[in-house]
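So you can see what is in the structure, the chains are spelled out below.
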Amino acid sequence: MKKIGIIFGMESTFPPALVDKINSFHDPDVQAEVAVIGEVRMAEPSPYHVIIDRISHDIPFYRGYLKNAALSGSIIINNPFWWSADDKFFNFALGTKLGVAIPKTVLLPHKHHPPGTTDSSMRNLEYPLPWESIFDYVGFPAFLKPFDGGGWKDVYKVGSPGEFFHAYDQTRDLCMTLQTAVNFKEYFRCYCVGQQMVHIMQYDPSLPFHERYVKNPAPVDPKLLERVERDCLTLCRALGYDLNTVEFACEDGIPYAIDFMNPAPDADIHSVGQANFDWIVNQVAELAMEKARKHTGMVTEYRWSALLGGPSTGSKNGQARQISQEVHG
Ligand SMILES: Nc1ncnc2c1ncn2[C@@H]1O[C@H](COP(=O)(O)OP(=O)(O)OP(=O)(O)O)[C@@H](O)[C@H]1O
Ligand SMILES: [Mg+2]
């Protein structure tokens, strides 16, 4: 019997739906449950052959549990080592190298010293920073946002150097990025599952939270959707994420990837809506089943240099690709 365990936090709709979906396949050799974690001994295997992780970014204890489990052959969705190493600024740099359109982005030092550090911890930093050159490169309007974050926290749109410095002053000890604002017409959020399946959803960030996933979207140029799908696969394969959301803001027909480090993507039925919810529950259930059936107990290769080198965007393992075209309405 192969066991699939799900670790999650405050969310209430996706995890139980996933457990029910997997168990509804009635595979006598695979069973899913909400993971129960107690004493965690070093180098001891987890009882779960596959673990779907929805929360370890907020709870370091779970991240530690998952790395220990991986060492004994548990398959984790998503790779806890890479997730720990990754950040959004690196993502932008990698996307650029892979030929995906990324708005110009710079990394900025913390406005205030991180706890336990002082001026002398920052002696390598050029002072003052070459702000004029930075503003020339990025331009205005621009987005000031954390290099590692989520939930629109500490995200500022700034239209001038004055507005920038006012916002920057409020960013405490966070490491921030400054990125050219895309004057977008279309905006997409895309689920990518198993580095194979892409589901493109039209999204309107200007609407209240529960209305942002557009219900009856206007048709979109199929060429734009093709590129969005291709770029989405390129990014998720390079980063090795089996579950991710990639966000694109499109200007003049060019999809700019602006956020693609979402390894525990929003999947709440009340926010994404029934149709998107059904899609993501089905796909993640299928993926977890496939991984459970293929589980051998051998430790997976957790080095990522091959991934980051930019794998081909063709179909992997000869599997059929499927693109959801619900975005056409
Ligand atoms: N370069 C940009 N051009 C245009 N809009 C942007 C840009 N960067 C961010 N935004 C806007 O700000 C919002 C939040 O930015 P971002 O997705 O980077 O932050 P986040 O904290 O990851 O948010 P979430 O958790 O919703 O994904 C985006 O949904 C988008 O509306
Ligand atoms: Mg985002």
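Up top is the structure.
Since this is a predicted model, take the numbers as computed values, not measurements.

1. A closer look at the overall build of the protein chain
Scanning the protein chain for helices and strands turns up ten helices and 13 strands. Compactness check: the protein chain gives a C-alpha radius of gyration of 21 Å against a globular reference of 20 Å for 329 residues, within 12% of the reference. If you line up the protein chain on its principal axes, its C-alpha atoms span 65 × 50 × 35 Å. Going through the 329 residues of the protein chain one by one, you find that 47% of them count as buried. By element, 54% of the accessible surface of the protein chain is carried by carbon and sulfur atoms, the whole surface being about 16400 Å².

2. Points about the coordination of the magnesium ion (ligand 2)
Reference values for coordination geometry: four tetrahedral donors around a metal ideally subtend 109.5 degrees, six octahedral donors ideally subtend 90 or 180 degrees. Coordination sphere of the magnesium ion (ligand 2), protein contribution only: Glu-247 (OE) and Asp-259 (OD), at 2.0 to 2.1 Å. Residue Glu-247 is located in strand E11 (residues 243-251), and its partner Asp-259 is located in strand E12 (residues 254-259); the two are separated by twelve residues in the primary sequence. One exposure class covers both Glu-247 and Asp-259, and it is buried.

3. Notes on the sheet that holds strand E3 (residues 50-53)
Strand order in this open sheet of four strands is E2-E1-E3-E4, and the pairing throughout is parallel. Looking along the sheet, the strands with just one partner apiece sit at the ends: strand E2 (30-34) and strand E4 (75-77). Within this sheet the neighbouring strands show an average axis-to-axis angle of 20°, counted without direction. Sheet topology note: the strand E1 (residues 2-7)/E2 ladder contains five bridges and is parallel. When the bridges of E2 are listed, Ile-6 appears paired with Val-34. Of the strands in this sheet, E1, E3 and E4 touch helix H2 (residues 60-71), which is tilted by about 155° from E3.

4. Details of the side chain of Asp-268
Secondary-structure assignment places Asp-268 in the loop between E12 and helix H8 (269-272). Here Asp-268 occupies a buried position and makes no salt bridge, while the nearest side chain of opposite charge, Arg-54, is found at 8.3 Å. Of the polar contacts made by the side chain of Asp-268, one reaches the side chain of Thr-13; its length is 2.7 Å. With sequence-adjacent residues up to four places away left out, Asp-268 is seen in contact with Thr-13, Gly-273 and Phe-277.

5. Here we look at the sheet that holds strand E6 (residues 142-146)
Taken in spatial order, the four strands line up as E5-E8-E6-E7 in an open sheet, and their pairing is antiparallel. Here the strands that pair on one side only, and so sit at the sheet edges, are strand E5 (105-108) and strand E7 (156-158). Neighbour to neighbour, the strand axes of the sheet diverge by 25° on average, direction disregarded. The pairing of E6 with strand E8 (residues 176-180) spans five bridges and is classified as antiparallel. By the bridge assignment, Phe-143 is partnered in E8 with Gln-179. Running at roughly 150° to E5, helix H5 (residues 131-138) makes contact with E5, E6 and E8 of the sheet. Sitting on the sheet, helix H6 (residues 161-168) is in contact with E5, E6, E7 and E8, with an inclination near 155° to E7.

6. Topic: the pattern of salt bridges
Using the criterion set out here, one finds twelve salt bridges in the structure. The partner of Glu-11 in a salt bridge is Arg-54, and the shortest N-O contact between them spans 2.8 Å. Placement of Glu-11 in the loop between E1 and helix H1 (14-24) and of Arg-54 in the loop between E3 and H2 is noted, with a sequence separation of 43 residues between them. Taking the shortest distance from any N to any O, the salt bridge between Arg-172 and Asp-154 comes out at 3.1 Å. Of this pair, Arg-172 sits in the loop between H6 and E8 while Asp-154 sits in the loop between E6 and E7, and the two are 18 residues apart along the sequence. In this structure Arg-172 comes out as partly exposed when scored by relative accessible area, which is 42%.

7. Points about the nonpolar core
Ranked by internal contacts, the top residues of the largest apolar core, which has 35 residues, are Ile-4 and Ile-280. When residues in this core are grouped by element, the largest group, ten residues, is from helix H9 (residues 274-294). Counting 29 residues, the second-largest nonpolar core is a separate cluster that includes Leu-224, Val-228, Leu-239 and Met-261.

8. A few points about unusual backbone geometry
Excluding glycine, residues mostly have negative phi values, and the peptide bonds linking residues are mostly trans. Omega for the bond connecting Tyr-127 with Pro-128 falls within 30 degrees of zero, at -10°, which places this linkage in the cis form. Along the polypeptide, Pro-128 turns up in the loop between E5 and H5. A positive phi angle, near 50°, is found at His-26, a position not held by glycine. Tracing the chain through its elements places His-26 in the loop between H1 and E2. Here the phi dihedral of Gln-195 falls at roughly 55°; this positive angle occurs in a residue that is not glycine. Looking at where Gln-195 falls in the secondary structure, it is placed in the loop between strand E9 (186-193) and strand E10 (197-202).

Rules used in this analysis
Residues numbered from 1 in each chain as written. Chains lettered and ligands numbered in written order. Predicted model: local features only at pLDDT ≥ 70, side-chain atom pairs only at ≥ 80, totals over all residues. Heavy atoms only, no water. Helix = DSSP H or I, 4+ residues; strand = E, 2+ residues; numbered from the N terminus. Rg over C-alpha atoms; globule rule 2.2 N^0.38 Å. Buried < 20%, exposed > 50% of the residue type's maximum accessible area, 1.4 Å probe, protein only. Areas by Shrake-Rupley, 256 points an atom, 1.4 Å probe, with all protein chains shown as cover. Donors = N, O, S within 2.8 Å, 3.2 Å for Na, K, Ca; no water. Pairing = 2+ DSSP bridges. Axes fitted to C-alpha atoms, helices over the stretch in contact; angles between N-to-C directions. Contact = heavy atoms within 4.5 Å. Lys, Arg positive; Asp, Glu negative; His and termini not counted. Salt bridge = Lys/Arg side-chain N within 4 Å of Asp/Glu carboxyl O. Polar contact = N/O pair within 3.5 Å; in protein donor to acceptor, adjacent residues only side chain to side chain. Core = buried A, V, L, I, M, F, W, Y, C linked by side-chain atoms within 4.5 Å.

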